[in-house]
Amino acid sequence: MNKLPKKFVDRIASNIKKYQRIAVTQQKSDVAEADTVTLVKDILAEVFGYEKYEELTSEHQIKATYVDLAIKIGGKLRLLVEVKSAGAELADNHLRQVIDYGAHQGIHWVILTNAVEWRLVRIYVANQISHEEVCRIVLADVNPKNEDHLQCLFLFAKEGLTIDAMDAFHQQAQLFNKFTVSAIMRSEPVIALVRREIRRLFPDLKVGNENLSQLIENEVIKRDTIEGDKAKEAVTRIKKAVSKLERAKASAAAKTPPVAVN
């Protein structure tokens, strides 16, 4: 977890309640999108710490149009913000345009918000453009004394952006997730460990590694953690980690001097 700057924590404590009330009021009133853009700009400045007149702009042109808001630090474009009206429900199709803008500009991160809900999204550009939601907050639910809430808010804040906290958070999320845990549970060392424990507790029960593996994969673990690209990536990541450990072990063994025999 990030060590949160006192300035950031104090700013959240001082301003969050005010904007929670305003955002909910605008949501109930179903204000126009232009009014929501104004509110989002205020939140980005007073809650998330950006300089309103130096780092936030609605005049950033991409192709033949302008994005709702762009965040620039030191004159360099860092984040794009897609804003929908406070009364609108956010949906994935709202991201299409801003993701296309981000990919066109070489920007890896975008925010989708209606002032009430905030989503931080990572853009991938490979054979095709894709995206992944990394963090989501509902402003009205934020408790400024809750450490987990503060850590999430920090990803949207200027202090977090300047130290690339969102990238670090994303990397950690890729390692610690249901796909990684599922792959570890299905690995040979864990299967063998479970089998040994079963035999210790129930000596008369005969269980083979293959049967246990099939039981865990088919009936214990959720199917969505086994199938798909993310599941395959997790398996590959674990295989690489195992290989790295084995290489380090072999290297350490090679460097260990032989024991002298008298």
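Because the structure is predicted, anything quoted here is derived from the model rather than measured.

## Some details on the sheet that holds strand S8 (residues 129-138)
- Read from one edge to the other, the open sheet built from six strands follows the order S1-S4-S5-S6-S7-S8, with strand pairing classed as mixed. Every other strand in the sheet has two partners, leaving strand S1 (56-57) and S8 as the edge strands with one partner each.
- Where helix H2 (residues 33-46) meets the sheet, it contacts S1, strand S4 (69-73), strand S5 (76-83), strand S6 (109-113) and strand S7 (117-125), and its direction lies at approximately 135 degrees from that of S5.

## Some points on the nonpolar core
- Ile43, Leu44, Phe48, Tyr50, Ile71, Trp118 and Phe156 are the most contacted members of the largest nonpolar core, which totals 41 residues.
- Among the elements of the structure, helix H1 (6-29), H2, S4, S5, S6, S7, S8 and helix H4 (147-156) are those that each provide at least two residues to this core.
- Look past the residues within four positions of tryptophan 118 in its chain and what remains in contact with it is Val40, Ile43, Leu44, Phe48, Ile111, Leu112, Thr113, Cys135, Arg136, Ile137, Leu139 and Phe156.
- Residues Leu77, Val98, Ile99 and Val121 belong to the second largest nonpolar core, which totals 14 residues.

## Side note on the pairing of S4
- For S4, a buried count of four out of five residues is recorded, marking the element as mostly surrounded by other parts of the structure.
- Strand direction decides the pairing type here: S1 and S4, joined by two bridges, are antiparallel. Residue threonine 57 lies in a different strand from S4, and its bridge partner there is alanine 70.
- As defined by bridge partners, S4 adjoins S5 across five bridges and the pair is classed as antiparallel.

## Observations regarding the state of the cysteines
- The tally for this structure, following the rule as stated, stands at one disulfide.
- Across the disulfide from cysteine 135 sits cysteine 152; the S-S distance is 2.1 Å. Here cysteine 135, found in strand S8, pairs with cysteine 152, found in helix H4; they are 17 residues apart in sequence, far enough to count as distant. Just as cysteine 135 is buried, cysteine 152 falls in that class too.

## Remarks on the packing of H1 against H4
- One can describe the packing of H1 onto H4 by two numbers: an axis separation of 11 Å at closest approach and a directional angle of 105 degrees. On the basis of their axis angle, the class for H1 and H4 is roughly perpendicular. Judged by residue contacts, Phe8, Val9 and Ile12 of H1 engage Leu150, Leu153 and Phe154 from H4.

## Let's talk about the confidence of the model for the protein
- Per-residue pLDDT for the protein averages 83, and the proportion of residues at 70 or more is 88%.
- When mean pLDDT is taken per element in the protein, H1 scores highest with 95 and strand S2 (residues 61-62) scores lowest with 56.

## Observations regarding the pattern of salt bridges
- Under the criterion given, the structure shown has 11 salt bridges.
- Two residues, aspartate 42 and lysine 52, come together in a salt bridge whose shortest N-O distance is 2.6 Å. Residue aspartate 42 is located in helix H2, and its partner lysine 52 is located in the loop between H2 and S1; the two are separated by 10 residues in the primary sequence.
- Glutamate 197 serves as the salt-bridge partner of arginine 200, at 2.7 Å between the closest nitrogen and oxygen. Here arginine 200 pairs with glutamate 197, and both are found in helix H8 (residues 188-201), just three residues apart, close to one helical turn.
- Under the relative-accessibility criterion, arginine 200 is labelled exposed at 58%.

Here is what the cut-offs are and how they apply
- Residues numbered from 1 in each chain as written.
- Predicted model: local features only at pLDDT ≥ 70, side-chain atom pairs only at ≥ 80, totals over all residues.
- Heavy atoms only, no water.
- Pairing = 2+ DSSP bridges.
- Helix = DSSP H or I, 4+ residues; strand = E, 2+ residues; numbered from the N terminus.
- Contact = heavy atoms within 4.5 Å.
- Axes fitted to C-alpha atoms, helices over the stretch in contact; angles between N-to-C directions.
- Core = buried A, V, L, I, M, F, W, Y, C linked by side-chain atoms within 4.5 Å.
- Buried < 20%, exposed > 50% of the residue type's maximum accessible area, 1.4 Å probe, protein only.
- Disulfide = S-S within 2.5 Å.
- Parallel < 35°, antiparallel > 145°, perpendicular 65-115°, else oblique.
- pLDDT = per-residue confidence, 0-100.
- Salt bridge = Lys/Arg side-chain N within 4 Å of Asp/Glu carboxyl O.

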